[in-house]
Amino acid sequence: VSEATRDDRVVLRRAPSSRDALALMAAEVREGLSARPLPFLPSKYFYDDRGSALFDEITRLPEYYPTRTEEGILEAVADQVARVTRPREVVELGSGTGRKIRRLLAATARATVRCVLFDVNETFLTDSCRRLARDFPGLEVNGIVGDFTHDLDCLGPGGGRLVVFFAGTIGNLHPDEAVPAFLVRLARQLAPGDAFLVGVDLVKDEARLHAAYNDAAGVTARFNLNILRVVNDRLGADFDLTAFEHVAFYDRARAWIEMRVRARRATRVRIPRADVDLALGEGDEIRTEISAKYTRGTLEARLPGSGLRLEQWLTDADELFALALLRRIA
Ligand code: SAH
Ligand code: TRP
């Protein structure tokens, strides 16, 4: 970690992958767009300032139940989670606007001396850190600009630590490939007894899932297509945004929502800096995201070998969403 920037009580650091961000992005985009049969784009590239603002708009859509359901659960369990964890330090991965952690910090108040927000979007991270520092006097606030699939070691050794990961964002990692590796890396940053509170969206009625990712106002469509604009802006690609449409469907066998962009007509994209020249026919697709849905059983099945065990499964009355409280074992 380098380049600490200090203002008042906020310290912002940049993780290794954010230092050579454009070179890394060129390599990742090249790798993704070369994949066959289905090219893909890494989903962290949704979140430039426009994308992060669009996601915030998604969280307020009537069809998008996860945010308000998770907030309801958090409201109900924050005091209890605070009581059993008593963290000196609270870390939030993928913190975005940093709204949810406030409820938890209000509950852990006296025990917690430091809060660390971790996100790829530096603008949102800086704003969230400043707001937290303003509203929680006496709290030390750190921000880390980085990728939570690469840079978790920036957190340093654990001890008295609670890591939170809201919004079902863990569902955006491949359940068999990325999640086990993520959990092992995360557990390395936890001391025995440290806790991990993770929000997972639950398997449910398909119509409800479908609607949440195909909202009537078309905000999700704009959010999805924004990833092409980010690649244009940062890598000088020439994606023709009018040539693509939003696709989101539930894959029942894999228990995930899959997001794609589909070519409405034949189109071509060139990214000289990433050595990409991709011709797409009408109907060809690029995967932009998966959003895996869990049950208590499928989440617990990811834990053996991770050093984490499930301590509490906290859900809403309709079992739409769950907060899993995991504990690092000795
Ligand atoms: N926690 C917020 C935002 C969730 S959206 C909420 O509950 O509403 C997902 C957040 O994770 C975004 O802020 C995005 O910038 C961040 N993010 C996505 N992929 C990331 C990655 N690989 N590393 C770090 N942050 C990431
Ligand atoms: N973490 C969110 C989720 O899986 C991200 C998300 C919501 C998303 N809507 C989207 C990603 C639409 C891509 C497209 O629910």
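To be clear, the structure that these remarks concern was listed above.
Residues numbered from 1 in each chain as written. Chains lettered and ligands numbered in written order. Predicted model: local features only at pLDDT ≥ 70, side-chain atom pairs only at ≥ 80, totals over all residues. Heavy atoms only, no water.

### Here's the deal with the site of ligand 2
- Near ligand 2 there are 14 residues, and of these Tyr64, Asn172, Tyr213, Glu289 and Ser291 occur at the shortest range.
- Within the contact set of ligand 2, an oxygen atom lies 2.6 Å away from a side-chain nitrogen or oxygen of Ser291.
- For the shell around ligand 2, the elements supplying multiple residues, two or more each, are helix H3 (49–58), helix H9 (219–235) and strand S12 (285–292).
- Looking at the shell around ligand 2 residue by residue, the class counts come to 9 nonpolar, 4 polar and 1 charged. (Near = heavy atom within 4 Å. Polar contact = N/O pair within 3.5 Å; in protein donor to acceptor, adjacent residues only side chain to side chain. Helix = DSSP H or I, 4+ residues; strand = E, 2+ residues; numbered from the N terminus. Nonpolar A, V, L, I, M, F, W, Y, C, P; charged D, E, K, R; others polar.)

### A word on the nonpolar core
- Core analysis: the largest hydrophobic core is formed by 42 residues, its most contacted members being Leu33, Val231, Phe239, Phe244, Ile271 and Ile286.
- By residue number, the principal contributor to this core is H9, which donates 8 residues.
- Beyond its immediate stretch of four places on either side in the chain, Ile286 contacts Leu33, Pro39, Phe40, Leu41, Phe239, Phe244, Met259, Arg260, Val261, Leu278 and Leu280.
- Counting residues in each nonpolar core, the second largest holds 36 residues, with Val179, Leu190, Val198 and Leu202 among its members. (Core = buried A, V, L, I, M, F, W, Y, C linked by side-chain atoms within 4.5 Å. Buried < 20%, exposed > 50% of the residue type's maximum accessible area, 1.4 Å probe, protein only. Contact = heavy atoms within 4.5 Å.)

### Some points on helix H5 (residues 100–108)
- Those residues of H5 lying buried are Lys100, Ile101, Leu104, Leu105 and Thr108. In an axial view of H5, the angular spread of the buried residues amounts to 125°, which keeps them on one side of the axis.
- Tucked inside the fold, the buried residues of H5 contact helix H4 (65–85), strand S3 (89–93), strand S4 (114–119), helix H6 (122–135), strand S6 (161–165) and strand S7 (195–201). (Arc of directions from axis to C-beta.)

### Remarks on the side chain of Ser306
- Summarising the element assignment, Ser306 is placed in the loop between helix H10 (296–300) and strand S13 (308–315).
- Polar contacts involving the side chain of Ser306 include one to the main-chain amide nitrogen of Leu308, which spans 3.1 Å.
- Excluding its chain neighbours within four sequence positions, the residues that come into contact with Ser306 are Leu183, Val184 and Ala187.

### A few points about the sheet that holds strand S9 (residues 256–263)
- Taken together, the 3 strands give an open sheet; going across it, the order is S8-S9-S12, and neighbouring strands pair in antiparallel fashion. Each edge of the sheet is formed by a strand with only one pairing partner; in this case those strands are strand S8 (244–251) and S12. Strand after strand, the sheet turns through a mean of 20° between neighbouring axes, direction not considered.
- Sheet topology places S9 next to S12; 7 bridges connect them, and they run antiparallel. Within S12, the residue paired with Trp256 across the bridge is Ala292. (Pairing = 2+ DSSP bridges. Axes fitted to C-alpha atoms, helices over the stretch in contact; angles between N-to-C directions.)

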